[in-house]
Amino acid sequence: MSELEGVHYERRGVAALVTIDRQHRRNAVDGPTASALHDAYRRFEADEEARALVLTGAGGVSFCAGADLKATETFQERLMAPEGPMGFTRLTPTKPTIAAISGFCLAGGLELALWCDLRIATEGSTFGCPERRWGVPLIDGGTQRLPRIVGLGRALDLILTGRLIDAREALAMGLLTEVVPPGAHLQRALALAEGLAHFPQETMLADRSATIEGLGMTLAEGLALEAAAGPEVFQVGARGAARFAAGEGRGGAGTGA
């Protein structure tokens, strides 16, 4: 395990596990912690054997309560940072990312969760943008990622009112991928990472990239982007089709992660 400023980085099988550990501040992030998160992100990207990143918060009480409003001065130099104030929120990873959430997932903490591709949360978790009360803006991607995930109407509801929602409502609106019993969030996220790692990576990563990058394009542009990846992954697909033709995977065996 590598311990940075308020951040733990370790490998758990195929996953790079990044843990925010400032439990005395409900895992709120200050400037040095944001820099440590950026370092962890770069370490993950450089590790070819790390197939997915799992982001979580220590202690189980809070995933991340956002930026530490008692240490706002430590963010002054990060406001226009190309990687994002909270560490890496203006960057797009090349591999899958999963948020393992327990407890409070608020403000900038919600933006960190939205940065992830998938979000696993415990039944008692809470989500929202309570920074609305203090006039603190969403500057870590929340105004862009939230409507892409839950739709414009639901996103504006949360962003404008600052109201808090529970895991059940978050799942119903599509904010969460899955809700699990208390204490099971990390185990499930790591298992999900292992499941993703067992799929042919070239095709999965190409499909992931086309999905993310094509979202803001016209349909014609998006279809062209999707098609452009075809030649690179065709051989992988051909080998997979041959396995299916030989009898592997019948009845839906092996689907899901």
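Colleague: Would you mind going over the pattern of salt bridges in detail, with residue names and values included?
Modeller: Overall, the coordinates contain 11 salt bridges when judged by the stated rule. In this structure, Arg 12 and Glu 10 form a salt bridge, with 3.2 Å as the shortest nitrogen-oxygen distance. In this structure Glu 10 comes out as buried when scored by relative accessible area, which is 16%. Between Asp 30 and Arg 22 there is a salt bridge, with its nearest N and O atoms 3.4 Å apart. Residues Asp 30 and Arg 22 agree in their burial class; the two are buried.

Colleague: Give a description of the pairing of strand S2 (residues 7-12) that names residues and reports values.
Modeller: With six bridges connecting them, S2 and strand S3 (residues 15-20) associate as antiparallel partners. Residue Glu 10 lies in a different strand from S3, and its bridge partner there is Leu 17. The hairpin formed by S2 and S3 contains two residues between the paired strands, and Gly 13 there has a positive phi angle of roughly 65 degrees.

Colleague: I'd love a proper account of unusual backbone geometry, names of residues and values included.
Modeller: With a phi angle near 50 degrees, Arg 26 is a residue other than glycine that sits in the positive phi range. Position of Arg 26 relative to the elements: it lies in the loop between S3 and helix H1 (31-46). Looking at Arg 26, the relative accessible area reads 46%, which means it is partly exposed. Unusually for a residue other than glycine, Asn 27 sits at a positive phi of about 60 degrees. Within the secondary structure layout, Asn 27 lies in the loop between S3 and H1.

Colleague: Hey, could you go over the side chain of Ser 125 for me, with residue numbers and the actual values?
Modeller: Inspection of the secondary structure assignment puts Ser 125 in the loop between strand S8 (118-122) and strand S9 (126-128). By relative accessible area, Ser 125 is classed as buried at 1%. Each residue touching Ser 125, except ones within four places of it in the same chain, is listed here: Ile 101, Ser 102, Gly 103, Ile 165, Asp 166 and Ala 167.

Colleague: So, the nonpolar core: which residues are in play, and what are the values?
Modeller: Leu 55, Phe 63, Ile 101, Phe 127 and Leu 175 are the most contacted members of the largest nonpolar core, which has 44 residues in total. Looking at this core, the element that brings in the most residues is H1, giving six residues. Ranked by size, the runner-up nonpolar core spans 14 residues in total, among them Ala 100, Val 180, Leu 190 and Leu 196.

Colleague: Run through the pairing of S3, naming residues and quoting values.
Modeller: For S3, a buried count of six out of six residues is recorded, marking the element as mostly surrounded by other parts of the structure. In S3, alternate side chains face the same way, and those of Ala 15, Leu 17 and Thr 19 on one face and Ala 16, Val 18 and Ile 20 on the other are all buried. Strand direction decides the pairing type here: S3 and strand S4 (residues 52-57), joined by six bridges, are parallel. Bridging across to S4, Val 18 finds its partner in Leu 55. A crossover links S3 with its parallel partner S4, the connecting element being H1, and its sense is right-handed.

Colleague: So what about the sheet that holds strand S10 (residues 164-166)? Which residues, and what values?
Modeller: Across the sheet, which stays open at both edges, the four strands sit in the order S5-S7-S9-S10 with mixed pairing between neighbours. Edge strands, defined here as strands with exactly one partner in the open sheet, are strand S5 (62-64) and S10. In this sheet, neighbouring strand axes are inclined to one another by 20 degrees on average, regardless of whether the strands run parallel or antiparallel. Bridge count between S9 and S10: three bridges; the pairing is antiparallel. Along S10, the bridge assignment pairs Thr 126 with Asp 166. Helix H2 (residues 108-115) rests against S5, strand S7 (104-106) and S9 of the sheet, and its axis sits at about 90 degrees to S7.

Colleague: Can you lay out the state of the cysteines for me, pointing to particular residues and giving the numbers?
Modeller: Taken as a whole, this structure holds zero disulfides when the rule is applied. No disulfide involves Cys 116; its sulfur sits 9.1 Å from that of Cys 105, the nearest cysteine. With no disulfide of its own, Cys 129 lies closest to Cys 105 among cysteine sulfurs, the gap being 9.7 Å.

Colleague: Quick rundown of the packing of aromatic side chains? Include the residues and the values.
Modeller: Aromatic ring pairs are defined here through the distance separating the ring centres and the angle between the ring planes. The final tally for this structure, using the stated rule, is three aromatic pairs. Taking 4.2 Å as the distance between ring centres and 40 degrees as the angle between the ring planes, the aromatic pair formed by Phe 88 and Trp 115 counts as tilted. Of this pair, Phe 88 sits in the loop between S5 and strand S6 (97-101) while Trp 115 sits in helix H2, and the two are 27 residues apart along the sequence. Residue class for Trp 115 comes out buried when judged on its relative accessible area of 4%. An aromatic cluster of at least three residues, connected via ring pairs, comprises Tyr 41, Phe 88 and Trp 115. Sitting above the plane of the Phe 44 ring, Lys 95 keeps its charged end 4.2 Å from the centroid.

How each quantity is defined
Residues numbered from 1 in each chain as written. Predicted model: local features only at pLDDT ≥ 70, side-chain atom pairs only at ≥ 80, totals over all residues. Heavy atoms only, no water. Salt bridge = Lys/Arg side-chain N within 4 Å of Asp/Glu carboxyl O. Buried < 20%, exposed > 50% of the residue type's maximum accessible area, 1.4 Å probe, protein only. Pairing = 2+ DSSP bridges. Helix = DSSP H or I, 4+ residues; strand = E, 2+ residues; numbered from the N terminus. Contact = heavy atoms within 4.5 Å. Core = buried A, V, L, I, M, F, W, Y, C linked by side-chain atoms within 4.5 Å. Right-handed = clockwise from strand over helix to strand, strands pointing away. Axes fitted to C-alpha atoms, helices over the stretch in contact; angles between N-to-C directions. Disulfide = S-S within 2.5 Å. Phe/Tyr/Trp six-rings, centres within 6.5 Å; stacked < 30°, edge-to-face > 60°. Lys NZ or Arg CZ within 6 Å of the ring centre and 35° of its normal.

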